[in-house]
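Below are the chains, spelled out letter by letter.
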Protein chains: 2
Amino acid sequence: MTGEYVPGLEGVPATRSNISFVDGKAGVLEYRGIPIDQLAESSTFLETSFLLIFAHLPIKEELLNYEAEVLSHRRIKYRIRDMIKSFPESGRPMVALQCCIAALGMYYPVNEGTIKEEHTYESTIRLMAKLPTMVATFHQMRLGNDPLTPRDDLGHSANFLYMLTGKEPDPRIARIFEVCLMLHAEHTVNASTFSALVTGSTLADPYTVITSAAGTLSGPLHGGANEEVMAMLREIGTIERVRPYIEDRLSRKQKIMGIGHRVYKVKDPRAIILQNLAVELFDKFGHSRLYDIAVEVERVCEELIGSKGLYPNVDFYSGLVYDKLGIPPDLYTPVFAIARVAGWLAHWHEQLADNRIFRPTQVYTGKHDVEYTPVSLRSYA
Amino acid sequence: MTGEYVPGLEGVPATRSNISFVDGKAGVLEYRGIPIDQLAESSTFLETSFLLIFAHLPIKEELLNYEAEVLSHRRIKYRIRDMIKSFPESGRPMVALQCCIAALGMYYPVNEGTIKEEHTYESTIRLMAKLPTMVATFHQMRLGNDPLTPRDDLGHSANFLYMLTGKEPDPRIARIFEVCLMLHAEHTVNASTFSALVTGSTLADPYTVITSAAGTLSGPLHGGANEEVMAMLREIGTIERVRPYIEDRLSRKQKIMGIGHRVYKVKDPRAIILQNLAVELFDKFGHSRLYDIAVEVERVCEELIGSKGLYPNVDFYSGLVYDKLGIPPDLYTPVFAIARVAGWLAHWHEQLADNRIFRPTQVYTGKHDVEYTPVSLRSYA
């Protein structure tokens with residue numbers, strides 16, 4: 001064995017990577033070395049995804065080509081729609097998404113035992129393009145509507161919001177959503193990304209790799225925190241009840257949803273950007289009681305526990321933004337997946353470039369040489 | 001960071017476990033301390049799965065109850081059948097299986113954020129019971145047949161073979177298949193089991209966990225070796241061509257499919273059991289040219305590379321057995337999954353009992369403080 005057993009492999013290096021970097025003490029997040037705030041200010045989600053996946057900012061021809069390819073692959077096969085029709089309306093959208101992603105592997109088979117370059121490029125385009133359509137299609141169908149066909153005159157974010165809600169969004173709304181996707185596109189080796197590496201290391205097909213990552217994201221300890229923030233804000237209900245609620249939680253040593261982060265000891269740089277977006281959104285498109293409550297939660301938390309390095313994280317404001325955009329809470333994690341698929345694909349490409357199957361070992365704590373006894377001779381110990 | 005970076009985490013302990021143990025030098029495999037050959041001799045697949053999952057051999061009442069529960073959950077919902085109808089006939093069965101497993105999570109939702117004991121038991125029963133039905137249903141449907149309803153008068157293995165082939169198997173055939181399932185039920189922390197731990201550590205629902213594991217198994221570096229053994233035996237074609245084939249491969253430093261194992265340096269104990277089963281099968285139910293070729297491959301390999309610790313592994317004979325049982329090659333990995341689901345579930349239970357989300361770290365090899373340049377200013381470096 002190499003080294004001691006560390007639960008959750010916390011701090012154990014599992015890969016070499018040059019995709020993203022986090023400095024939790026300085027509040028820095030970089031994609032391929034570029035600070036996240038510069039990207040949020042000036043880039044687009046598709047450009048950022050290209051940067052993450054192909055390791056450089058695209059020159060003009062590359063960008064136009066990539067955007068055109070993604071646009072032309074937005075549609076999903078009618079048999080995938082048939083599959084979605086067979087899903088129960090009450091099914092969790094995140095599970096529906098997993099099924100749809102996995103099913104792609106039946107339509108776009110990868111040559112036996114080889115993941116060649118054309119497969120990685122084509123499957124990357126398909127996954128970037130089709131996840132938003134899958135999420136919107138399931139959502140429309142569970143409401144009893146026909147799914148909407150992607151609109152080629154709309155960009156990636158605007159088209160998703162259109163397919164999801166049936167309405168063409170205000171361009172400022174689409175831009176805010178676009179920035180949300182960029183902020184969620186990548187964050188080093190968390191559990192979902194790690195599971196993409198593990199699954200990818202057996203040379204499983206790309207759709208299987210992303211299914212595995214999406215499945216891991218679906219766990220409540222990983223995705224889903226922004227849903228819980230919104231539930232908390234609704235539970236609190238009024239500004240006056242914020243302080244007693246926070247004090248009560250703290251006195252019982254319970255955590256405040258959306259406050260604090262495993263890595264960031266200052267305010268999450270993504271939370272700063274998101275808060276600015278939220279201010280802009282609520283200023284321009286109407287106020288929200290929940291937003292006022294959130295601002296008060298942040299104020300009280302900064303006063304009471306800010307000195308402990310517990311500040312709002314990316315999940316604290318993203319739910320508010322999604323809520324204002326008309327996205328239902330159970331789609332927050334699917335929206336996360338639509339963004340993070342860029343990071344998963346980037347890590348999958350990196351894994352394939354220097355692949356070794358994951359095969360850690362175990363500390364065996366069990367018995368040896370136990371004898372099999374026939375059932376007639378067994379009794380409770 | 002804790003420790004140095006080890007590619008594939010080889011030899012790095014990722015969990016404490018008392019489920020199975022392998023001694024590759026002595027050729028020992030134990031499930032909960034019981035040597036695999038005792039189980040293969042006297043146990044059944046369902047009893048062995050109970051042993052793996054619930055950590056003891058069941059007393060009579062437990063066993064009868066467990067068998068009855070699994071039997072009563074063999075059927076799959078008609079909407080799952082509808083879903084399978086939407087799959088393309090040419091789709092890989094392993095992908096179809098992943099979709100079906102994931103879809104279960106839409107029908108049997110787990111309470112938000114909690115995996116309680118009743119969920120782990122119920123979902124364990126469902127997964128043990130329904131995987132064989134899913135595999136057989138997809139296979140019948142891709143042939144254009146109606147799927148067969150599980151037969152309550154048949155045991156786990158006999159029922160699967162019946163659903164798959166439409167014929168009730170000879171009890172000796174069913175027993176041989178049963179032993180194959182037992183031999184494949186568990187094998188410490190390989191890649192698929194590890195991905196079950198990673199996905200499970202976010203408290204994702206059990207169907208998602210097993211989807212992730214099955215997906216990881218689908219990669220050609222993990223499952224699928226027995227398919228390749230059969231392809232090799234067909235390629236060789238005659239006994240006379242065995243020696244030149246092997247010598248040619250060895251001279252080009254290529255490996256011989258099904259010979260040698262990462263862990264076992266003597267003959268894989270499962271291969272010994274499987275070879276005996278194969279001998280029995282071909283003696284009783286008719287000879288096979290491929291089997292004769294396999295015997296010659298083993299003889300030549302033992303002569304030429306046996307001294308290097310390269311002996312037949314479990315995959316070397318399993319394909320021959322499955323072939324004789326009428327199972328098509330692209331179902332070998334789904335059959336592996338039907339067996340290994342027991343081990344995955346056992347490890348998932350163990351993970352939940354002492355859970356910590358997997359969050360390893362990365363060795364960052366990239367740049368810092370790169371400036372975002374607008375697309376108009378970019379050019380190839």
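Structure: above.
As a convention, each chain's residues are numbered from 1 in the sequence order in which they are written. Each chain is given a letter, starting from A, and each ligand a number, starting from 1, according to the order in which they appear as written. Local features in this predicted model are restricted to residues of pLDDT 70 or higher, and side-chain atom pairs are both shown and tallied only at a pLDDT of 80 or more, whereas totals for entire chains, interfaces and linings draw on every residue. Side-chain metrics rest on all non-hydrogen atoms present in the structure, leaving aside hydrogens and water.

Participant: Please explain the relation of the copies chain A and chain B as it appears in this structure.
Facilitator: Relating the two copies of this chain is a rotation about some axis coupled with a shift parallel to it. When the copies are overlaid, the least-squares fit takes in C-alpha atoms only where the residue has pLDDT of at least 70 in both copies. Least-squares fitting of chain A to chain B yields an RMSD of 0.0 Å, with the superposition described by an axial translation of 0.0 Å and a rotation of 180°. On the angle and the small slide along the axis, the relation comes out as a two-fold axis. Contact definition: two residues touch when any of their heavy atoms are within 4.5 Å. The overlap is high: 100% of the interface residues of chain A also sit at the interface in chain B, so the same surface is used on both sides.

Participant: Please clarify how helix α4 (residues 78-85) of chain B should be interpreted in this entry.
Facilitator: Residues separated by three or four positions in an α-helix point in the same direction, a consequence of the helix having 3.6 residues per turn. Residue and element names in this part refer to chain B. Listed as buried for α4 are I80, M83 and I84. In a view along the axis of α4, the buried residues occupy a sector of 100°, so they form one face of it. Exposed and facing more than 90 degrees away from the buried side of α4 are Y78 and K85. The rule is simple: take the accessible area with a 1.4 Å probe, protein chains only, and divide by the maximum for that residue type; under 20% is buried, over 50% is exposed, in between is partly exposed. Secondary structure elements are taken from DSSP: a helix is a run of H or I of four residues or more, a strand is a run of E of two residues or more, and numbering for both begins at the N terminus. It is the directions from the helix axis to the C-beta atoms whose arc is reported.

Participant: Help me understand the interface of chain A and chain B, please; the structure alone is not making it clear to me.
Facilitator: Frequently, the measure chosen for interface size is the accessible area that the parts lose on association. Each side of the interface is counted separately: chain A has 108 residues, and chain B has 108 residues. Reported buried area values correspond to the accessible surface (1.4 Å probe) lost by two parts on association, with both partners' losses combined. Approximately 9,600 Å² of surface area, both sides summed, lies buried where chain A meets chain B, with 60% of it carried by carbon and sulfur atoms. The largest share of the area that chain A buries against chain B comes from M106, R359 and Y372 of chain A, three residues that together contribute 9% of it. Definition used for salt bridges: Asp or Glu carboxyl oxygen within 4 Å of a side-chain nitrogen of Lys or Arg. Seen at the junction of chain A and chain B, the total is 8 salt bridges. Here R356 of chain A and E10 of chain B are joined by a salt bridge, their closest N and O atoms 2.6 Å apart.

Participant: Which parts of the structure should I look at to understand the sheet that holds strand β4 (residues 34-35) of chain A?
Facilitator: What holds strands together in a sheet is hydrogen bonding between their backbones, with the strands either parallel or antiparallel. Residue and element names in this part refer to chain A. Only when DSSP finds a minimum of two bridges between them are two strands counted as paired. Strands sit in the order β2-β3-β4 across an open sheet of 3 strands; the sheet is antiparallel. Strands with a single pairing partner mark the edges of an open sheet, and in this sheet they are β2 (20-23) and β4. The sheet contact formed by strand β3 (residues 28-31) and β4 spans 2 bridges and is antiparallel. By the bridge assignment for β4, E30 is matched with P35.

Participant: Just checking my understanding: could you explain the packing of helix α7 (residues 156-165) of chain B against helix α8 (residues 171-183) of chain B for this structure?
Facilitator: A pair of packed helices is characterised by two quantities: the angle between their axes and the separation of those axes. All names here are of chain B. As a packed pair, α7 and α8 sit with axes 8 Å apart at the nearest point and diverge in direction by 105°. Comparing the axis directions of α7 and α8 gives the class roughly perpendicular. Across the interface between the two elements, H156, S157, A158, F160 and L161 of α7 pack against I173, A174, F177, E178 and L181 of α8. Lys, Arg, Asp and Glu make up the charged group, whereas Ala, Val, Leu, Ile, Met, Phe, Trp, Tyr, Cys and Pro make up the nonpolar group; the residues left over, Gly among them, are polar. Split by residue class, the contact of α7 with α8 holds 7 nonpolar, 2 polar and 1 charged. Here an axis means a line fitted to C-alpha atoms, over the contact stretch when the element is a helix, while the angle between two N-to-C directions is reported on a 0 to 180 degree scale. Any angle that falls under 35 degrees is termed roughly parallel, while one over 145 is termed roughly antiparallel, one within 65 to 115 roughly perpendicular, and all others oblique.

Participant: Which parts of the structure should I look at to understand the pairing of strand β5 (residues 361-364) of chain B?
Facilitator: Side-chain positions along a regular strand alternate between the two faces of the sheet. Only one face of β5 of chain B is buried: it carries Q362 and Y364 of chain B, and the other face, with T361 and V363 of chain B, is open. Here strand β1 (residues 13-17) of chain A pairs with β5 of chain B via 4 bridges, running parallel. Looking across to β5 of chain B, one finds that S17 of chain A is bridged to Y364 of chain B.

Participant: Honestly, the nonpolar core in this entry has me stumped. Any pointers?
Facilitator: We define the nonpolar core as a collection of buried residues of types Ala, Val, Leu, Ile, Met, Phe, Trp, Tyr and Cys that are connected through side-chain atoms lying within 4.5 Å of one another. One finds V297 of chain A together with V297 of chain B to be the most contacted residues of the largest nonpolar core, which totals 236 residues. Not counting chain neighbours up to four residues away, the residues in contact with V297 of chain A comprise M232, L233, I236, V242, I246, I256 and F316 of chain A. One finds F358 of chain A together with V6, V12 and V198 of chain B within the second-largest nonpolar core, a separate group that totals 18 residues.

Participant: Sorry if this is basic, but what is going on with the layout of surface pockets here?
Facilitator: Here the idea is plain: a probe the size of a water molecule rolls over the atoms and shows the empty space left. In this structure, the largest pocket encloses a volume near 980 Å³. Counting only elements with at least two residues in the lining of the largest pocket, the list comes to α11 (225-236), α15 (314-324) and α16 (332-353) of chain A. It is α11 of chain A that provides the largest number of residues to the lining of the largest pocket, a total of 3 residues. Taken together, the residues of the lining of the largest pocket sort by class into 13 nonpolar, 12 polar and 8 charged. Surrounding the second largest pocket, 26 residues form its lining, L221, H222, H261, R262 and D315 of chain B being those nearest its centre. If you list the elements that add at least two residues to the lining of the second largest pocket, you get α11 (225-236), α15 (314-324) and α16 (332-353) of chain B. Computed over the protein atoms alone on a 1 Å grid, cavities are sets of points where a 1.4 Å probe fits but cannot get out and pockets are open sets with protein on both sides within 12 Å along at least five of seven lines; a residue lines them when it has an atom within 4 Å of a point. Grid points are joined across faces, edges and corners, and a volume is the space filled by probe spheres set on the points.

Participant: Any chance you could explain empty space enclosed by the protein here in plain terms?
Facilitator: Residues and elements named next belong to chain A. Summed over the entire model, instances satisfying the criterion amount to 2 cavities of 30 Å³ or more. Reported here for the largest cavity is a volume of approximately 40 Å³. Lining the largest cavity are P93, A96, L97, C100, M134, V135, F138 and L331. Within the residue set of the lining of the largest cavity, elements represented by two or more residues are α5 (93-107) and α6 (117-142). Counting residues per element, the lining of the largest cavity draws most heavily on α5, at 4 residues. Here the residues of the lining of the largest cavity are counted per class, giving 8 nonpolar, no polar and no charged. In this model, the second largest cavity occupies a volume close to 30 Å³.

Participant: What exactly am I supposed to notice about the environment of K77 of chain A here?
Facilitator: All names here are of chain A. As for its position among the elements, K77 is in the loop between α3 (60-72) and α4 (78-85). Residue K77 is classed as partly exposed on the basis of its relative accessible area, which comes to 36%. Remark: the alpha-carbon pair of K77 and M232, spanning 155 residues in sequence, is separated by 39 Å. Dropping the residues within four chain positions of it, K77 is found in contact with Y107 and Y108.

Participant: Even after reading the chapter, I still don't get the pattern of salt bridges, so can you show me in this structure?
Facilitator: A side chain with one charge may pair with a side chain of the opposite charge, provided their charged atoms come close. As enumerated under the stated definition, the model contains 42 salt bridges over all chains in all. D205 of chain B is the salt-bridge partner of R92 of chain A, the closest N and O atoms lying 2.7 Å from each other. Of this pair, R92 of chain A sits in the loop between α4 and α5 while D205 of chain B sits in the loop between α9 (191-200) and α10 (206-217), on two different chains. Each member of the salt-bridge network shares a partner with another, and the members are R243, E247, E296, R299 and E303 of chain A.

Participant: I tried to follow the sheet that holds strand β4 (residues 34-35) of chain B on my own but got confused; where do I start?
Facilitator: Residues and elements named next belong to chain B. An order of β2-β3-β4 is seen for the 3 strands of this open sheet, with the pairing classed as antiparallel. The two strands at the open ends of the sheet, each matched to only one other strand, are β2 (20-23) and β4. Alignment of β2 against strand β3 (residues 28-31), held across 4 bridges, turns out to be antiparallel. Bridge pairing links S20 to Y31 in β3.

Participant: Would you mind showing me how to read the packing of helix α2 (residues 45-54) of chain B against α8 of chain B here?
Facilitator: Residues and elements named next belong to chain B. The geometry of α2 relative to α8 is characterised by a closest axis approach of 9 Å and an angle of 15° between their N-to-C directions. Of the possible angle classes, the one that applies to α2 and α8 is roughly parallel. Here α2 runs over α8; the crossing is right-handed. Residues F45, L46 and T48 of α2 form the contact with α8, whose own contacting residues are E178, L181 and M182. Each residue belonging to the contact of α2 with α8 can be placed in one class, and the counts come to 4 nonpolar, 1 polar and 1 charged. Helix crossings fall into two classes, left-handed where the near helix is turned counterclockwise from the far one by less than a right angle and right-handed where it is turned clockwise.

Participant: Looking at this structure, I do not really get the packing of aromatic side chains. What am I missing?
Facilitator: Centre-to-centre distance and the angle between the planes together describe a pair of aromatic rings. A pair of Phe, Tyr and Trp rings is counted when the ring centres sit within 6.5 Å of each other, with Trp represented by its six-membered ring. The angle between the planes then sorts it: under 30 degrees is stacked, over 60 is edge-to-face, the rest tilted. Taken as a whole and assessed by the stated rule, the structure comprises 27 aromatic pairs over all chains. With a centroid separation of 5.1 Å and 45° between ring planes, the pair formed by Y364 of chain A and F21 of chain B is classed as tilted. Here the residue Y364 of chain A occupies a position in strand β5 (residues 361-364), and F21 of chain B occupies one in strand β2, the pair thus bridging two chains. Taking relative accessible area as the criterion, Y364 of chain A reaches 19% and is therefore assigned buried. One aromatic cluster is present, built from ring pairs that chain together F50, F54, Y66 and Y121 of chain A. In this arrangement the basic side chain of R151 of chain A is found over the ring face of Y162 of chain A, its NZ or CZ atom lying 5.0 Å from the centre. Only when the NZ atom of a Lys or the CZ atom of an Arg is both within 6 Å of the ring centre and within 35 degrees of the ring normal do we say a charge sits over the ring. The ring of Y108 of chain B has R126 of chain B sitting right over it, with the charged end atom 3.8 Å from the ring centre.

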